[in-house]
Amino acid sequence: QIIEISISVKIMLRDWVAIESDSSNVQKRPELHRMMETVAQKLQLMGGTVQLVDIGEQELPDGQTLELPKVVTAQFGNDSSKHTVCIYGHVDVQPAKLEDGWATDPYNLTEINGNLYGRGASDNKAPVLAWIHAVEAYQALSMDLPVNVKFVIEGMEETGSNGLDAMIMAQRDTFFSEVDYIIISDCGWLSRRPALTYGTRGNCYFFAEVEGPKQDLHSGVYGGTVIEPMTDLIGILDTLISPSGKILIPGIREAVAPLSDEEWKMYQDIQFDMDNYKNKIGVNQLMYSNKVDLLAHMWRYPTVSIHGIEGAFSDPGTKTVIPAKVTAKFSIRQVPDMDPAMVKKQVKYMKNYLHSVFAKRKSPNKLKVTMVIGAKPWLADTHHPLYEAGKVAIKRVFNMDPDLIREGGTIPIARTFQDVTGKSIIMMPIGGFDDGLHSQNEKMSRYNYIEGTKLFIAYLNEVSQIKRTSV
Ligand SMILES: CC(C)C[C@H](N)C(=O)NCC(=O)O
């Protein structure tokens, strides 16, 4: 019977991975709508009270509007004597193409040596399914759920959870009024040891567009006569961060609290193999050579990453072109102790900074800076009973104590959940440390998927025993 369950679980993940629910590609929007309907159908078939909530439209940078994917809400159980947990997850994915260097088709779930490869397998389709399977397990055994379970599943997480803030605010006194705790499993372990996560970084994502001639030009015919937009763009990008990782935009580093002695000790106590980390990502040198510095810069200091340049020639071959308009895409990860008002000020500051750097170039080209994602950081109290319950469940399933970790990535809605509903949140990852999120060959191991499902089953039971006074 266990083999049958494990096969059917894999089939379901295969069906979900096959849907190209890329939220950043407007061409794929119909797929995203299909994904949300598939999730709703599944929860409905299980007997949940399900709604596909319309969250309106998205305005695109060119001024056009596009329908946002609906948010799926579902409810299992409505017993006022029990706690109610709300499980949040997302089923949209980052872009993926075979040509990016995948060993297998990213949208055809492929099992190799116990790993299930496919875009979204770990981020976040299998974890969402694992929660669904946890509910199904109780149903299959004809056992009452120990807590009422609600789901909020969205399709825009990877691009900033557009529309979800407003939906949570609108449903604060209805869908969320009886929710006691919020659980998120959209992150990964730090090593082979299971983990509980208590912080995420925020993210401000910018487009910087430099526009020059009215069309692309031959670099032999026109090179040397025009001030090239790409040269301007590279010049301003080079003023964001130094080669040793120091953010050069004034005001950002100053806004971050120094590492406390308590944090230093916590990081020092975490078992973390730097060589293993290096091997996993395939580099021979990291930005920092000691564990505490590395973890601190991964989790609780801001950083700048440059992601790409739209309009630049990037195909194979040697096109000798001067692109007329190029748009750089970069982001600044914000950290939990940066006050949101300060972050807002910094965004304005950031735009002024880029314009002032650009002005010094005395270029005739035009610069336009826009912020397209603004997601806040989040931090939890690890002394909350939710974390105690998590430790007990992990001990039961894995027979070891978890790492208490933070996450360098961003879950845009975490802070809104906390601020708007006033409820406590726990992040309980089941993804492996080497799952390759947003990268080539993303995977979820069969082990993490199945043991993770067991963990969720055990956790629901542990949460049911939390005393009523805890919020
Ligand atoms: C590891 C992250 C928290 C996973 C999350 N789904 C994500 O990718 N968020 C967007 C981001 O850019 O961090």
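Coordinates for the structure precede this section.
Predicted model, so just to flag it, every value in this text is computed and none were measured.

J.: So what about the overall build of the chain? Which residues, and what values?
T.: Helix and strand counts for the chain come out as twelve helices and 20 strands. For the chain, the C-alpha radius of gyration of 23 Å lies close to 23 Å, the compact-globule estimate for 471 residues. By principal-axis analysis of the C-alpha atoms, the chain measures approximately 75 × 50 × 45 Å. Per-residue burial for the chain yields a buried fraction of 53% across its 471 residues. Approximately 21800 Å² of the chain is accessible, and the part contributed by carbon and sulfur atoms is 50%.

J.: Account for the packing of aromatic side chains, naming residues and giving values.
T.: Within the structure shown, the criterion is met by eleven aromatic pairs. Taken together, a centroid distance of 3.8 Å and an interplanar angle of 5 degrees make the contact between Trp131 and Phe456 stacked. Here Trp131, found in helix α3 (residues 121-140), pairs with Phe456, found in helix α12 (residues 446-464); they are 325 residues apart in sequence, far enough to count as distant. Per residue, the accessibility class of Trp131 equals that of Phe456, and both read buried. Centre to centre, the rings of Tyr205 and Phe207 are 6.2 Å apart; their planes meet at 75 degrees, and the pair counts as edge-to-face. Residue Tyr205 is classed as buried on the basis of its relative accessible area of 18%. By the ring-pair criterion, three or more aromatic residues cluster together here, those being Tyr88, Phe175, Phe176 and Phe417. Seen from the ring of Phe175, Lys150 lies directly overhead, with NZ or CZ sitting 4.3 Å from the centre. Taking NZ or CZ as reference, Arg300 lies 4.9 Å from the ring centre of Tyr301, over its face.

About the criteria used
- Residues numbered from 1 in each chain as written.
- Predicted model: local features only at pLDDT ≥ 70, side-chain atom pairs only at ≥ 80, totals over all residues.
- Heavy atoms only, no water.
- Helix = DSSP H or I, 4+ residues; strand = E, 2+ residues; numbered from the N terminus.
- Rg over C-alpha atoms; globule rule 2.2 N^0.38 Å.
- Buried < 20%, exposed > 50% of the residue type's maximum accessible area, 1.4 Å probe, protein only.
- Areas by Shrake-Rupley, 256 points an atom, 1.4 Å probe, with all protein chains shown as cover.
- Phe/Tyr/Trp six-rings, centres within 6.5 Å; stacked < 30°, edge-to-face > 60°.
- Lys NZ or Arg CZ within 6 Å of the ring centre and 35° of its normal.

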